[in-house]
Each structure stands twice: as structure tokens, then as C-alpha cells.
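# Coordinates in review
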Amino acid sequence: MKAKELAESLGLDVIYGDTDSIMIYTDSVNYDEVLQLGNKVKLAVNKLFSQLEIEIDGVYRSILLLKKKKYAALKVEGTDKHGSPFHKAELKGLDIVRRDWCTLAKTTGEWIVNQILSPEVEMESAVSAIREKLMSVGREISTYEPVQFIITKELARDVSQYNANSKAQAHVNVARRLTKFKKGDVVPYIICEDGTNKSHNERAFHPEEVNERKNGVKVKREETEGENQNQKPNSEFSIDYQYYLSHQMHPIVSRLCEPIE
């Protein structure tokens, strides 16, 4: 807080602060000028404290601040032979860096972040491009390969240690059915339509099961009325595209776009 107050006393705009850092909006795209400002703050703060030193951790061309410890930014990695800075995306705490989101949702999220952060794209144009991208995904979602819909989650304990009557966790349901997973394993699964009214967590299938059904191979299904039997692939079996649009795509996109007017 003292570092924040000190920076503000120098006429600078502190837009974010964390346990050991502050971020300052410089209102400048001149890299050398920004570094001078950073060094000015660094010297002033280090002079204020006898046992604390700060350094310039990074210079960002643009940043999307969502909430504490959640942001995306274009970080300046250096300059080319002409003195022009080049950038690298830095993502902190966003949904798209977590593995419990499918590939399609994460790659779409990354594309949207790039549109928002790009210094070459006006925000109005970015909004139009994002809207068209989402409409395109909605139209074409059934044409994507199953691998795009795989979600993964680690088993925190052995399957036998989960509540035997609970069906609320998709990865546990898959692991319980296939019996080849143990504590610490990462379970991949795809949410499908199987002709039942079960919850989406109960309609989770391993990618191998999905491929088998798509290819018309007989697969072992869950016990039905006490019988464990082989059945032909259900004609109603398919990936639950509506689930992916509403529970995977929409949460990621809406969080990223929320700050945009």
C-alpha cells in the first residue's frame, strides 16, 4: 500500500496491486519512456524501505484485468534490431489455462484474448470479429472431431473411496465404469447424448467409448435392470453439443468479454 501511495504521489496511475507487486498504467507506448518511469518508481520504493527491494518484472503492451490474480497480457519480451518491441502472451489464472475445459473452448478463448489484446485491432472491430467467431462455432460445432471435446480431470483418490451412490462427478463415473484408473490418474471424458434423461455428469464417456460407438462397434454398457449385456450402438448416441455451448464455451467467453462495453 505504501508503494502504491508513493507511485500515486509521483502522478502515476496504479491499476492493480497484489501481495508483492503493483501495476502502473503509463499511458505510453514508447518502450524507453516506460522503462524510465519504471526505474523511477523502483528507485523511490527501494529508497523508502531498508530491507525490501523491487524490480521491474515486466512491461505489458496491453492487459485484460478480470479480477485478482486473473489477467491476460501481451508482455514485451525484447526489441528487434529496429528497436521495435516484440510480445508474448501471458495468461494468469484464466479458465483457458486449466485442464477441466475442452480443447475447443480453450482455443476459442485464446483466439478471443488475442483479439482483445492485439494493438493492431480496434476494440469495435474486435467485438465484431468475436461475435462472428462465436456464430461460426455455433454453426459448425457438429463438424469438429471428438478430440476437441475431451475434458480431463484428475482422480484425487481411488475410485472405491468415492461415495458409491454419488453420480455427480463425470470423471469418477467414467473411472468407475472402466475400472482401469487409480488415484492420481487423469481421466479424459466427453459429455454425450445417449437417449436418456440422465444428468450430463452421468452421460460422460471415455474417448475410446465414443469412437467405438461412432464406428459401430459393440460396446459394454452399464447394467440395466440387473443385466450386464452387450448392446448395439444407440442411434441416439452423439456428442452433447448443447452442453458444450452452454457449459464450456459460454462461461469462458462471457468472463473474458465482460469488461468490454
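Residues numbered from 1 in each chain as written. Predicted model: local features only at pLDDT ≥ 70, side-chain atom pairs only at ≥ 80, totals over all residues. Heavy atoms only, no water.

### Here we look at the overall build of the protein
Stated formally: Only DSSP runs of H or I reaching four residues or more are called helices, and only runs of E reaching two or more are called strands; each is numbered from the N terminus. Here the globule rule is a power law, 2.2 Å times the number of residues to the power 0.38, and the radius of gyration is based on C-alpha atoms. In this description, contact between two residues means that some pair of their heavy atoms is separated by no more than 4.5 Å. Accessibility throughout is a Shrake-Rupley quantity obtained with a 1.4 Å probe, and a residue counts as covered only by protein chains that appear here. Asp and Glu are treated as the negative residues and Lys and Arg as the positive ones, with His and the ends of the chain left uncounted. Note that the charge is assigned to NZ on lysines, CZ on arginines, CG on aspartates and CD on glutamates.
Along the protein, the regular secondary structure elements total seven helices and 11 strands. Over its C-alpha trace the protein gives a radius of gyration of 25 Å, far above what one expects of a compact globule, namely 18 Å for 261 residues. Here the C-alpha coordinates of the protein stretch approximately 75 × 45 × 35 Å along the principal axes. Once local pairs closer than 6 in sequence are excluded, the contacts in the protein between residues at least 24 apart make up 53%. Split by element, the accessible area of the protein, about 16200 Å² in all, is 47% carbon and sulfur. On the protein, the mean spot of the 37 positive side-chain charges and the mean spot of the 40 negative ones are 5 Å from each other.

### Section: the environment of Pro251
So the rule is basically this: When a residue's accessible area, from a 1.4 Å probe over protein chains only, is under 20% of the maximum for its type it is buried; when over 50% it is exposed; and in between it is partly exposed.
Take Pro251: it is sitting in helix H7 (residues 241–257). Residue classification places Pro251 among the buried residues on the basis of a relative accessible area of 15%. Expressed as a C-alpha distance, the spacing of Pro251 and Ala105, which sit 146 residues apart in the sequence, is 9.3 Å.

### Side note on the environment of Val127
Looking at the element boundaries, Val127 is found in helix H4 (residues 123–140). Exposure remark for Val127: the relative accessible area of 25% places this residue in the partly exposed category. Along the backbone, Val127 and Cys257 are 130 residues apart, and their C-alpha atoms lie at a distance of 8.8 Å.

### Observations regarding the pattern of salt bridges
Using the following cut-off: Basic side-chain nitrogens of Lys or Arg form a salt bridge, by our definition, when they fall within 4 Å of a carboxyl oxygen of Asp or Glu.
Taken as a whole, this structure holds 12 salt bridges when the rule is applied. Of the charged contacts, one joins Lys69 and Asp18 as a salt bridge, the two residues approaching to 3.2 Å between their closest N and O atoms. Taken together, the residues span a long stretch of sequence, with Lys69 in the loop between strand E3 (60–67) and strand E4 (70–79) and Asp18 in strand E1 (residues 13–18) at a distance of 51 residues. On the basis of relative accessible area, Lys69 is assigned to the partly exposed category, the value being 47%. With a shortest N-O distance of 3.0 Å, Arg203 and Asp240 are connected by a salt bridge. Of this pair, Arg203 sits in the loop between strand E7 (186–193) and strand E8 (204–205) while Asp240 sits in the loop between strand E11 (238–239) and H7, placing them 37 residues apart in sequence. The residues Arg203 and Asp240 share a single accessibility class, namely buried. One connected set of salt bridges, linked through shared partners, spans Asp18, Lys68 and Lys69.

### Details of unusual backbone geometry
The backbone of Asp27 shows a phi angle near 60°, a positive value even though the residue is not glycine. Relative to the helices and strands, Asp27 resides in the loop between strand E2 (21–25) and helix H2 (31–48). Relative accessible area serves as the criterion here: at 59%, Asp27 is assigned to the exposed category. Even without being a glycine, Thr179 presents a positive backbone phi close to 55°.

### Comments concerning the packing of helix H1 (residues 2–9) against H2
In plain terms, the rule: Between N-to-C directions, angles cover 0 to 180 degrees, with each direction set by a line fitted to C-alpha atoms, over the stretch in contact for helices. Roughly parallel means an angle under 35 degrees; roughly antiparallel means over 145; roughly perpendicular covers 65 to 115; every other angle is labelled oblique. With the far helix as reference, a near helix turned anticlockwise by less than a right angle produces a left-handed crossing, and one turned clockwise produces a right-handed crossing. Amino acids outside the nonpolar list (Ala, Val, Leu, Ile, Met, Phe, Trp, Tyr, Cys, Pro) and the charged list (Asp, Glu, Lys, Arg) are all regarded as polar, and Gly is one of them.
Contact geometry of H1 with H2 gives a least axis separation of 10 Å together with a crossing angle of 130°. In terms of orientation, H1 and H2 fall into the oblique class. Here H1 and H2 pass one another in a crossing that is right-handed. Note on element contacts: H2 touches H1 through Ala44, Val45 and Leu48, opposite Lys2, Ala3 and Leu6. The residue inventory of the contact of H1 with H2, partitioned by class, reads five nonpolar, no polar and one charged.

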